[in-house]
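# Geometric and topological summary
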Amino acid sequence: MSDSDRPYDIVVWGATGVAGRLLAEYLAEQYPPDELSLAIGGRDADRLAAVEADLCAGTAWDAVPTVLGDATDPESLRAIARDTHVVATTVGPYTTYGTPLVEACIETGTDYCDLTGEVNWVRETVDRYHDAAVDAETRIVHSCGFDSVPADIGTLLVQSYATETFGAPCEQVRIYLESASGGVSGGTLASFAELFEAASKDPVARETLRNPYSLAPPGERDGVDRGQQRLARKDRLTGEWTAPSPMAPVNERVVRRSNALLGYPYGREFQCSEVVPTGRSLVGAATSSAVAGGLGLFSAAMSVAPVRSTLRRFVFPAPGEGPSERQIENGHFTVRVLGRGTATDGPFTVEAEFGTDRDPGYGGTARMLGESAMCLLRDEVDSPLSGGVLTPASGIGLPLAERLRAVGFTASVGEASE
Ligand SMILES: NC(=O)c1ccc[n+]([C@@H]2O[C@H](COP(=O)([O-])OP(=O)(O)OC[C@H]3O[C@@H](n4cnc5c(N)ncnc54)[C@H](OP(=O)(O)O)[C@@H]3O)[C@@H](O)[C@H]2O)c1
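Residues numbered from 1 in each chain as written. Predicted model: local features only at pLDDT ≥ 70, side-chain atom pairs only at ≥ 80, totals over all residues. Heavy atoms only, no water.

As recorded by an unreviewed UniProt entry, the chain carries the name Saccharopine dehydrogenase NADP-binding domain-containing protein and is attributed to Salinirubellus salinus.

See the structure below:
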């Protein structure tokens, strides 16, 4: 079958879940049928039909094709991947359900993007599939949602600006999760729990969480960064108090993988860290300590198997449950990225801002994943890599920022005022 015989441009795999439904709604609202050949996929025909009916009620679409399969049935995944140019998948936890689809996409030469923040699983796909994806010239782009587009593309914006304007990249980049409001779904919490589950059983998963460079290519898993901030600290660049960011373990590793895959354009000594700023006052100091303590306690609790299973059964929302429409529509986020570098005539600071007026994990994430899929589909990609297990910055690059700006995101960059 030649590429032009594939009936679909994009299949949204997992359209009956919280994130998948939002992604399908976003794509169907944004792109009419004469611009995009969209299909939605899942394992339950009735539930898919209900999603399809809702899509058609609110958009220019009269019908959206549905494709059936099961994440545990590789043949069904091959059939789905063979019929489309791009698969955008929200079927998670990816540690449990993700691997056969990655395999199917590589076998059929189908570009792929997802929302995973499960670094243990990314490490597995890096080790098992990167070379095969390179050979097949197939792009497997992980973490195209709130993990890790703002951090990874924000850093790329800063470094591209620094290199063009000052002739040198920044030696140090700090990612600040300035503000965010939204909710969390059962699927996300199940995936988070899966990470702790993997770390309790699998020595490679434990090593992945320990080594700040664990997602870099084999042989390059070492560098100057010592790992994410774990305590409250006063920030050297801004003078504000900062707390550890819950997303730092994912985002920092993704940014380091981007640097490595792109051939170290940020330098071999490049340092990057992500934190949550809490202000300059005593209240800021107390807040950063409280956040650091809370996160530490939560991580410790999640590391204990009986506590983890109790939280999953009785406290976390069930998979399929998510934030309300109100939380999504009234949500927002802003991520600021500051880079500090040295040019021939002295030090400089570059600042990028990345955000939108939708909640980060769902409304914002639907746009980030949807536009990542569109970039892959239209080959709007600024990268020397035509295949591999990639990151947003190394697999797509700045065209993703352009597309997101066009749909209302802020993705600005410039010299920071001192
Ligand atoms: N990076 C980010 O910012 C971000 C944001 C949001 C979500 N996420 C991640 O995205 C993933 C999905 O989250 P969510 O809240 O949408 O979860 P969810 O509501 O539980 O949805 C999971 C989807 O997977 C499907 N599924 C489960 N088992 C399957 C199987 N064997 N075969 C085929 N489909 C199967 C479900 O189908 P049924 O409906 O038939 O059960 C559902 O469509 C999670 O891993 C989460 O961590 C990441």
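Next, the rest of the story.
### Notes on the overall build of the chain
When helices and strands are tallied, the chain shows 16 helices and 14 strands. In terms of C-alpha radius of gyration, the chain reaches 21 Å, essentially the compact-globule figure of 22 Å for 418 residues. On the principal axes, the C-alpha backbone points of the chain span a range of 55 × 50 × 40 Å. Counting every position in the chain, which comprises 418 residues, the buried fraction comes to 55%. Taking all contacts inside the chain whose residues are at least 6 apart in sequence as the whole, residues at least 24 apart take part in 78%. Split by element, the accessible area of the chain, about 17,300 Å² in all, is 50% carbon and sulfur. Here the chain carries 35 positive and 58 negative side-chain charges, and the mean point of each set is 9 Å from the other. (Helix = DSSP H or I, 4+ residues; strand = E, 2+ residues; numbered from the N terminus. Rg over C-alpha atoms; globule rule 2.2 N^0.38 Å. Buried < 20%, exposed > 50% of the residue type's maximum accessible area, 1.4 Å probe, protein only. Contact = heavy atoms within 4.5 Å. Areas by Shrake-Rupley, 256 points an atom, 1.4 Å probe, with all protein chains shown as cover. Lys, Arg positive; Asp, Glu negative; His and termini not counted. Charge placed at Lys NZ, Arg CZ, Asp CG, Glu CD.)

### Topic: the pairing of strand β12 (residues 346-356)
Within β12, eight of the 11 residues are buried, which leaves the element mostly enclosed by the surrounding structure. Counting the residues in the hairpin turn of strand β11 (residues 332-343) and β12 gives two residues. The pairing of β12 with strand β14 (residues 410-415) spans six bridges and is classified as antiparallel. Bridge pairing in β14 links Glu-351 to Gly-414. (Pairing = 2+ DSSP bridges.)

### Side note on the nonpolar core
Formed by 104 residues in total, the largest nonpolar core has its most connected members in Ile-10, Leu-27, Leu-38, Ile-40, Cys-113 and Phe-354. There are two domains that each give this core at least three residues, and those are domain 1 (3-145 + 363-404) and domain 2 (149-359). Counting six residues, the second-largest nonpolar core is a separate cluster that includes Ala-193, Met-302, Leu-311 and Phe-316. (Core = buried A, V, L, I, M, F, W, Y, C linked by side-chain atoms within 4.5 Å. Domains from an automatic or database assignment.)

### Remarks on the sheet that holds strand β1 (residues 8-13)
One open sheet holds the seven strands; their spatial order is β3-β2-β1-β4-β5-β6-β13, and the pairing between them is parallel. In this open sheet, the two strands that pair with only one neighbour each are β3 (66-68) and β13 (388-390). Pairs of neighbouring strands in the sheet enclose a mean axial angle of 20 degrees, with direction left out of account. Across the face of the sheet, helix α3 (residues 74-82) comes into contact with β1, β3 and β4 (84-89) while running at roughly 125 degrees to β4. (Axes fitted to C-alpha atoms, helices over the stretch in contact; angles between N-to-C directions.)

### Some words on the site of the ligand
Around the ligand there are 29 residues in total, and Thr-16, Ala-19, Arg-43, Ser-185 and Ser-191 lie nearest to it. In this structure, Arg-43 approaches the ligand through a side-chain N or O atom, which is 2.7 Å from an oxygen atom. In the environment of the ligand, a nitrogen atom lies 3.0 Å from a nitrogen or oxygen atom belonging to the side chain of Asp-70. Taking 930 Å² as the accessible area of the ligand by itself, protein coverage stands at 93%. Among the elements of the structure, α1 (18-30), α4 (94-97) and α8 (186-201) are those that each provide at least two residues to the shell around the ligand. A per-element tally of the shell around the ligand places α8 first, with three residues. Residues that form the shell around the ligand fall into these classes: 11 nonpolar, 13 polar and five charged. No fewer than three residues from each of domain 1 (3-145 + 363-404) and domain 2 (149-359) sit in the shell around the ligand. (Near = heavy atom within 4 Å. Polar contact = N/O pair within 3.5 Å; in protein donor to acceptor, adjacent residues only side chain to side chain. Nonpolar A, V, L, I, M, F, W, Y, C, P; charged D, E, K, R; others polar.)

### What to know about the side chain of Thr-59
Relative to the elements of secondary structure, Thr-59 occurs in the loop between α2 (45-58) and β3. Side-chain polar atoms of Thr-59 contact the backbone oxygen of Leu-55, separated by 2.7 Å. Non-local contacts of Thr-59, meaning those with residues more than four positions away in its chain, are made with Ala-28 and Glu-29.

### Brief notes about the domain arrangement of the chain
What the domain assignment lists for the chain is domain 1 (3-145 + 363-404) and domain 2 (149-359). In this assembly, 37 residues from domain 1 lie in contact with 41 residues from domain 2. The junction of domain 1 with domain 2 conceals about 2,900 Å² of combined surface from both sides, 73% of it contributed by carbon and sulfur atoms. Taken as a group, Val-18, Val-119 and Arg-123 account for 22% of the area that domain 1 buries against domain 2, more than any other trio of residues on that side. Run the count over domain 1 and domain 2 and you get two salt bridges. Between Arg-221 and Asp-127 there is a salt bridge, with the nearest N and O atoms lying 2.8 Å from each other. Taken together, the links from domain 1 to domain 2 amount to 11 residue pairs in polar contact (both at pLDDT 80 or more). (Buried area = accessible area lost by both parts, 1.4 Å probe. Salt bridge = Lys/Arg side-chain N within 4 Å of Asp/Glu carboxyl O.)

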